[in-house]
Amino acid sequence: MSIKAVTDTDILNRVGNTPLVRLESLSKNELEYYAKLEGHNPFGSVKDRAAYWMIKDAEEKGILKKGKSIIIEPTSGNTGIALTGIASLLGYKVEIVIPEKASSETKEIIKSLGAQIHETSDDLCPKVGSGTDQSIALATSIASNRPDTYYSPNQYANEANFKGHYFGTGPELWRQTEGKITHFFTGVGTGGTITGIGSFLKEKNSNIKIIGCQPQKDHLIQGWRNFEESAKPDLFLKREKLVDDWVSVTNAEAFGVVKEVFEKDRLLISPSSAAVYACMKKYPVEGKACVVGIFADDGRKFKSIYAQQNVMTESEFDEALDNAKHMSALAYL
Ligand SMILES: Cc1ncc(COP(=O)(O)O)c(C=O)c1O
């Protein structure tokens, strides 16, 4: 018997086509709730899509040169993991500028995938346009001094980030729900997810409600942005009108549902997935409906944060991890 080893191309081909699972804890009769488990992407989050599409786009435009180009990006975590994982498979080095508040697990994964890390004392999410953002300023200054070597995809304005969702996640959701989706929930970082999926779904059925989740000020939801403390990214601004409604969520509400979702649905979810779940739970929907939320990554990078926030002790976390359903068998985590 010969062993068929997994190739780099196999891993790259696994970006997207993530599972949609029913949330039994919220579903009742004809009112159904689903989670799109983006933790099943090869490097563990929704950001694999943006990273893959942005790198491929830069390759097609002749911007990247294998063995020479260095990709640099300010990110609070998942984009760093995704860019590093995908870029190294494709032959590029990566430098990541990251706020020190990002979880230690996230930073360790980025390092172990081979990126060089620059830490800044920023808030968790870079404040686009505020002039005080150190991670964006540092990445920009490193990249602009050596344009022949450095390339910053700039996920906050890069149309390829939008396209990954418009051509990928949106059609997947339409197919997986057999066109029955009525409400779509997600958090917003760059806006790629909400505008890409939202645009596709609205074209299919303009009655589908696109609902954005807003974290409290000074929040702990890695990857999200509160628009009172941080300007709206260009990518989001271009299509912000397609958002029908917003729901606010506090850190306490998000962390407060992590254990409940584990007990009822056997999912070990991340803080941002918990925040989406909390928003779905409190948003009034009646009658027959199909409500879908993006669970951008899974819980396994958040053991330290859950212990710090008294969500779960480290031993409770380990036990949950052993008993959780639908965790992907990730090659790199
Ligand atoms: C952890 C995390 N990162 C990123 C995103 C989406 O980011 P973006 O708006 O950049 O597509 C989400 C959305 O749910 C998220 O939960």
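Residues numbered from 1 in each chain as written. Predicted model: local features only at pLDDT ≥ 70, side-chain atom pairs only at ≥ 80, totals over all residues. Heavy atoms only, no water.

A. Representation of the packing of aromatic side chains. For the coordinates displayed, the defined rule picks out 11 aromatic pairs. Their ring planes at 90° and their centres at 5.9 Å tell us that F227 and W246 sit as a pair that is edge-to-face. Of this pair, F227 sits in the loop between β8 (209-215) and α8 (234-237) while W246 sits in strand β9 (residues 245-249), placing them 19 residues apart in sequence. Take F227: its relative accessible area is 16%, and that puts it in the buried class. An angle of 65° between the planes, with centres 5.9 Å apart, marks the rings of F236 and W246 as edge-to-face. Residue F236 is found in helix α8, and its partner W246 is found in strand β9; the two are separated by 10 residues along the sequence. Members of the aromatic cluster, each reached through a chain of ring pairs, are W53, F162, Y166, F167 and F200. Directly above the ring of F227 sits K232, whose terminal nitrogen or CZ lies 5.8 Å from the centroid. R239 extends its terminal NZ or CZ atom over the ring of F162, reaching a point 3.5 Å from the ring centre. (Phe/Tyr/Trp six-rings, centres within 6.5 Å; stacked < 30°, edge-to-face > 60°. Helix = DSSP H or I, 4+ residues; strand = E, 2+ residues; numbered from the N terminus. Buried < 20%, exposed > 50% of the residue type's maximum accessible area, 1.4 Å probe, protein only. Lys NZ or Arg CZ within 6 Å of the ring centre and 35° of its normal.)

B. Looking closely at unusual backbone geometry. The residue N29 is not glycine, and still its phi comes out positive at about 50°. By the secondary structure assignment, N29 is in the loop between β1 (20-22) and β2 (31-37). One non-glycine residue with positive phi stands out, namely R266, at about 60°. Tracing the backbone through its elements, the reader meets R266 in the loop between α9 (251-265) and α10 (271-282). The class for R266 is partly exposed, based on a relative accessible area of 34%.

C. Here's a closer look at the layout of surface pockets. Roughly 180 Å³ of volume is contained in the second largest pocket. L20, E30, E32, Y34, Q176, T177, E178, K180, T182, K288, A289 and C290 are the residues that line the second largest pocket. Put simply, the parts of the chain that give the lining of the second largest pocket at least two residues each are β2 and β10 (289-295). (1 Å grid on protein atoms, 1.4 Å probe; cavity = no way out; pocket = protein on both sides within 12 Å on 5 of 7 lines; lining within 4 Å. Points joined across faces, edges and corners; volume = space filled by probe spheres on them.)

D. Expanded view of the nonpolar core. Ranked by size, the top nonpolar core spans 43 residues in total, and within it L23, F185 and F295 carry the most contacts. Sorting the residues of this core by element identifies β2, β8, β9, α9, α10, β10, α11 (303-308) and α12 (314-323) as the ones contributing at least two each. Residue contributions to this core peak at 7 residues, all from α10. Sequence-distant contacts of L23, defined by excluding residues within four places in its chain, comprise Y33, Y34, A35, D265, L267, Y277, M280 and F295. Counting residues in hydrophobic clusters, the runner-up holds 27 residues, among them A58, L83, Y92 and I110. (Core = buried A, V, L, I, M, F, W, Y, C linked by side-chain atoms within 4.5 Å. Contact = heavy atoms within 4.5 Å.)

The values reported here are purely geometric and, on their own, carry no functional implication.
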